[in-house]
Amino acid sequence: MNKQILNTEAQRYRGAERFFSLRRLCVFVSLCYACGLAGCVPAQTPPLLNFTPGPPAVITDETFANETFSVRYPTGWRVVTSAADAPPSVVFVAPDEQSTITLQTEPPGEPERDPLFRLETRQLFLSGLRLYAVARVPVEKWAAFQPTFERLLASVRPAG
């Protein structure tokens, strides 16, 4: 009987020893993993994060305003603001998802030429502010679209 008790205690000891060695292994692997992840953190803040958050913009059902200009846009249009690290701009997208009007403070680059779309570019001068407006519309929709473009341009005001 004594032999059986000793045998049971020896088995318990071996089980506990196995448990503690497995625990040590898990702790060691976790530490290695954490140290490996620490090496993934950049030494400096990436430039893009320095610009976040971007300049404030206020968007309502019919107006858009940023730190540079404000404008009334057509009901039902989608508003896409500029990236945080880009100069102030906004793109208004018509419900047809093809027609757009872009307002920006920087001169537009060379536009993509597409014979199916008409591009109309205008410069606006408002009390020291220079804005560029670019309309991109399917050619067959230009006649119906032009009054909307003119109304939007007439509603542009400098911020303040």
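Here, every reference points to the structure presented above.
Everything in this summary refers to the structure shown in the same document. The model shown is predicted, which means the values in this text are computed figures rather than measured ones.

On to helix 3 (residues 142-154), then. Along an α-helix, residues three or four apart share an orientation, since each turn contains 3.6 residues. Along its 13 residues, helix 3 runs 18 Å from first to last C-alpha, staying within 8% of the 18 Å computed at 1.5 Å per residue. Those residues of helix 3 that fall on the buried side of the exposure criterion are Trp142, Phe145, Thr148, Phe149, Leu152 and Leu153. Looking straight down helix 3, one finds its buried side chains confined to an arc of 135 degrees; they lie on one side. Exposed side chains of helix 3 directed beyond 90 degrees from the buried face belong to Ala143, Ala144, Arg151 and Ala154. Tucked inside the fold, the buried residues of helix 3 contact strand 3 (69-72), strand 5 (89-93), strand 6 (100-104), strand 7 (117-126) and strand 8 (129-138).

Turning our attention to the pattern of salt bridges. Inspection of the entire model under this criterion finds 7 salt bridges. One salt bridge connects aspartate 96 with lysine 141, and the closest N-O pair in it is separated by 3.0 Å. Taken as a pair, aspartate 96 in the loop between strand 5 and strand 6 and lysine 141 in the loop between strand 8 and helix 3 lie far apart in primary sequence, 45 residues in all. For lysine 141, a relative accessible area of 30% translates into the label partly exposed. Residue arginine 122 pairs with glutamate 120 through a salt bridge whose shortest N-O separation is 3.4 Å. On the accessibility criterion, glutamate 120 (16% relative accessible area) is buried. Each of Arg118, Glu120, Arg122 and Glu150 takes part in salt bridges that share partners, so that together they form one network.

The strand order across the open sheet formed by 5 strands is 4-5-6-8-7, and the pairing between neighbours is antiparallel. Of all strands in the sheet, those bounded by a partner on one side alone are strand 4 (78-81) and strand 7. Geometrically, the sheet is characterised by an average inter-axis angle of 15 degrees between neighbouring strands, direction not taken into account. One ladder, built from 5 bridges, connects strand 5 with strand 6; its direction is antiparallel. Of the residues in strand 6, the one forming a bridge with phenylalanine 92 is isoleucine 101.

Backbone geometry at glutamate 97 places phi at a positive 65 degrees, although glycine is not the residue there. The backbone phi angle of serine 127 is positive, close to 40 degrees, even though this residue is not glycine. Here serine 127 falls in the exposed class, since its relative accessible area comes to 68%.

Looking now at the sheet that holds strand 9 (residues 157-158). Reading across the sheet, the 4 strands line up as 1-2-3-9 and stay open at both edges, with antiparallel pairing between neighbours. A single partner strand is all that each edge strand has here, and the edge strands are strand 1 (57-59) and strand 9. As paired elements, strand 3 and strand 9 share 2 bridges and run antiparallel to each other. Within the sheet, the bridge partner assigned to serine 70 lies in strand 9 and is arginine 157.

How each quantity is defined
- Residues numbered from 1 in each chain as written.
- Predicted model: local features only at pLDDT ≥ 70, side-chain atom pairs only at ≥ 80, totals over all residues.
- Heavy atoms only, no water.
- Helix = DSSP H or I, 4+ residues; strand = E, 2+ residues; numbered from the N terminus.
- Expected span 1.5 Å × (residues − 1).
- Buried < 20%, exposed > 50% of the residue type's maximum accessible area, 1.4 Å probe, protein only.
- Arc of directions from axis to C-beta.
- Contact = heavy atoms within 4.5 Å.
- Salt bridge = Lys/Arg side-chain N within 4 Å of Asp/Glu carboxyl O.
- Pairing = 2+ DSSP bridges.
- Axes fitted to C-alpha atoms, helices over the stretch in contact; angles between N-to-C directions.

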